[in-house]
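The primary structure of each chain is shown beneath.
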Amino acid sequence: MVGDYCSISGENTDMHSQRNAKSGLSCKMVLQAVGKVLRKCTSIWTHNCSSSWMNPGFNCTGQTACMASCGKSKTKPNGKKPPAEEKKQYLEAEFTKVRVVDFDLKELVLLPREIDLNEWLASNTTTFFNLINLQYSTISEFCTGETCQAMTACNTIYYWYDERGKKTKCTAPQYVDFVMSLVQKLVTEEENFPTKYGKEFPNSFDSLVKKICRYLFHVLAHLYWAHFKETVALDLQGHLNTLYAHFIVFVREFNLVDPKETCIMDDLSEILCAPVPPTPAPASPNSAPSPSSHNHVTER
């Protein structure tokens, strides 16, 4: 750095010597003073910013920030620029406002008084499985081993664990196939999801439902992360948004998925799961507004 900014030719040295002779300062003295200051600043900068090379999120302040802005390019030590954060198209307002229903989904997931909890969980879990499987099928031709070499969502890679607990990295279509095959097997087995009158649910039913919902969330997250453009091209973003919001409200209501699992999509969840504001009734052109018109609530 000192060499880059302080390389002076012999000709320029003679000129500076002549100019500084009048003021009593030789070029050598000036260069020594400048070099001393630069070495001191460089020493401070190196000491304070040594950890920033290993931690790209470290921000230099004060003197170190000045040094970095004057002479350092915004690159990592190996010369590569840090990857820019990918823009999430599914968070844009023009897409998040598209739904196929406009009522409060909270009311839709509440357990009815006359329904058994396990029956309610079984019915909804089976429905979500069918709907998410159908939603994925609309873009399955775009989800291939070449385009989706890993099951990713928001910089997270999901690995498949078989019945023996063996961890396997697979392509997204393989992962989704494993999920759908497993869930199909679970929801159709009578001992897991009983359909006959008088048949009791197994003691492990709650853990089975949580396992299914966790896997289904992975599929939904991948749809948004990797295939939202195709979904928009098919004009199905309203269906995906409604399905996702319904699913998230349901699993939150019954604590079926760990918040640490779903936090990667919290930015979308907070937008889509927000209560829908009531639509005011149109005012008659000939009638004067009543005092309570500003507090109108639509009944459902």
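As the structure is a computational prediction, the values presented were derived from the model and not from experiment.

Details of the packing of aromatic side chains
Now for step 1: Using the criterion set out here, one finds 13 aromatic pairs in the structure.
Now for step 2: For the ring pair Trp 160 and Tyr 175, a centre distance of 5.5 Å and an interplane angle of 90 degrees mean the geometry is edge-to-face. Here the residue Trp 160 occupies a position in strand β3 (residues 160-161), and Tyr 175 occupies one in helix α8 (residues 172-188), the gap between them amounting to 15 residues.
Now for step 3: With a relative accessible area of 1%, Tyr 175 lands in the buried category.
Now for step 4: Seen in terms of ring centroids, Tyr 175 and Tyr 215 are 6.5 Å apart; in terms of plane orientation they differ by 75 degrees. Their pairing is edge-to-face. Of this pair, Tyr 175 sits in helix α8 while Tyr 215 sits in helix α9 (residues 205-233), and the two are 40 residues apart along the sequence. Grouping residues by exposure puts Tyr 175 and Tyr 215 together as buried.
Now for step 5: Its guanidinium or amino end placed over the ring of Tyr 159, Lys 167 lies 4.3 Å from that ring's centre, counting from NZ or CZ.
Now for step 6: The aromatic ring of Tyr 215 is capped on one face by Arg 214, whose charged end is 5.0 Å from the ring centroid.

As for a nonpolar patch on the surface
Now for step 1: On the surface, Leu 111, Ile 115 and Leu 117 cluster together into a nonpolar patch covering about 220 Å² of accessible area.
Now for step 2: Positionally, Ile 115 belongs in the loop between α6 (105-109) and α7 (117-137).
Now for step 3: A relative accessible area of 35% means that Ile 115 is categorised as partly exposed.

Things to note about the layout of surface pockets
Now for step 1: In this model, the second largest pocket occupies a volume close to 210 Å³.
Now for step 2: Lining the second largest pocket are 13 residues, with Leu 131, Leu 134, Gln 135, His 239 and Leu 243 sitting closest to its centre.
Now for step 3: At the level of secondary structure, the elements contributing two or more residues to the lining of the second largest pocket comprise α6, α7 and α10 (237-253).
Now for step 4: If you tally residues by element for the lining of the second largest pocket, the top one is α10, at four residues.

Side note on the pattern of salt bridges
Now for step 1: For the structure on display, the rule yields five salt bridges.
Now for step 2: Measuring nitrogen to oxygen at the nearest pair gives 2.4 Å for the salt bridge that ties Glu 253 to Lys 106. Linking Glu 253 in helix α10 with Lys 106 in helix α6, this pair joins segments that are 147 residues apart in sequence.
Now for step 3: Judged by relative accessible area, which is 39%, Lys 106 ranks as partly exposed.
Now for step 4: For the salt bridge of Lys 210 with Asp 206, the shortest nitrogen-to-oxygen distance reads 3.3 Å. Residue Lys 210 and its partner Asp 206 are both found in helix α9; the two are separated by four residues, about one turn of the helix.
Now for step 5: By relative accessible area, Lys 210 is classed as partly exposed at 33%.

Here's the deal with the nonpolar core
Now for step 1: One finds Phe 247 and Met 265 to be the most contacted residues of the largest nonpolar core, which totals 61 residues.
Now for step 2: Those elements giving two or more residues to this core turn out to be α6, α7, β1 (151-153), α8, α9, α10 and α12 (266-272).
Now for step 3: Per element, the largest residue contribution to this core is 15 residues, and it comes from α9.
Now for step 4: Excluding residues within four positions of it along the chain, Met 265 makes contact with Tyr 90, Cys 154, Phe 217, Ala 221, Tyr 224 and Tyr 244.

Quick word on the side chain of Thr 125
Now for step 1: Considering the arrangement of structural elements, one finds Thr 125 in helix α7.
Now for step 2: For Thr 125, the side chain forms a polar contact with the main-chain oxygen of Leu 121, separated by 2.6 Å.
Now for step 3: When neighbours within four sequence positions are excluded, Thr 125 is seen to be in contact with Phe 193, Val 209, Ile 212 and Phe 250.

What about α10?
Now for step 1: An ideal rise of 1.5 Å per residue puts 24 Å on 17 residues; α10 measures up with 24 Å between its terminal C-alpha atoms.
Now for step 2: Among the 17 residues that make up α10, 14 are buried, leaving the element largely enclosed by the rest of the structure.
Now for step 3: Positive phi appears at Asn 255, one or two residues downstream of α10, with a value of about 50 degrees.

Basis of the calculations
- Residues numbered from 1 in each chain as written.
- Predicted model: local features only at pLDDT ≥ 70, side-chain atom pairs only at ≥ 80, totals over all residues.
- Heavy atoms only, no water.
- Phe/Tyr/Trp six-rings, centres within 6.5 Å; stacked < 30°, edge-to-face > 60°.
- Helix = DSSP H or I, 4+ residues; strand = E, 2+ residues; numbered from the N terminus.
- Buried < 20%, exposed > 50% of the residue type's maximum accessible area, 1.4 Å probe, protein only.
- Lys NZ or Arg CZ within 6 Å of the ring centre and 35° of its normal.
- Patch = residues over 30% accessible without salt bridge, like charges linked within 9 Å, V, L, I, M, F, W, Y side chains within 5 Å.
- Areas by Shrake-Rupley, 256 points an atom, 1.4 Å probe, with all protein chains shown as cover.
- Salt bridge = Lys/Arg side-chain N within 4 Å of Asp/Glu carboxyl O.
- 1 Å grid on protein atoms, 1.4 Å probe; cavity = no way out; pocket = protein on both sides within 12 Å on 5 of 7 lines; lining within 4 Å.
- Points joined across faces, edges and corners; volume = space filled by probe spheres on them.
- Core = buried A, V, L, I, M, F, W, Y, C linked by side-chain atoms within 4.5 Å.
- Contact = heavy atoms within 4.5 Å.
- Polar contact = N/O pair within 3.5 Å; in protein donor to acceptor, adjacent residues only side chain to side chain.
- Expected span 1.5 Å × (residues − 1).

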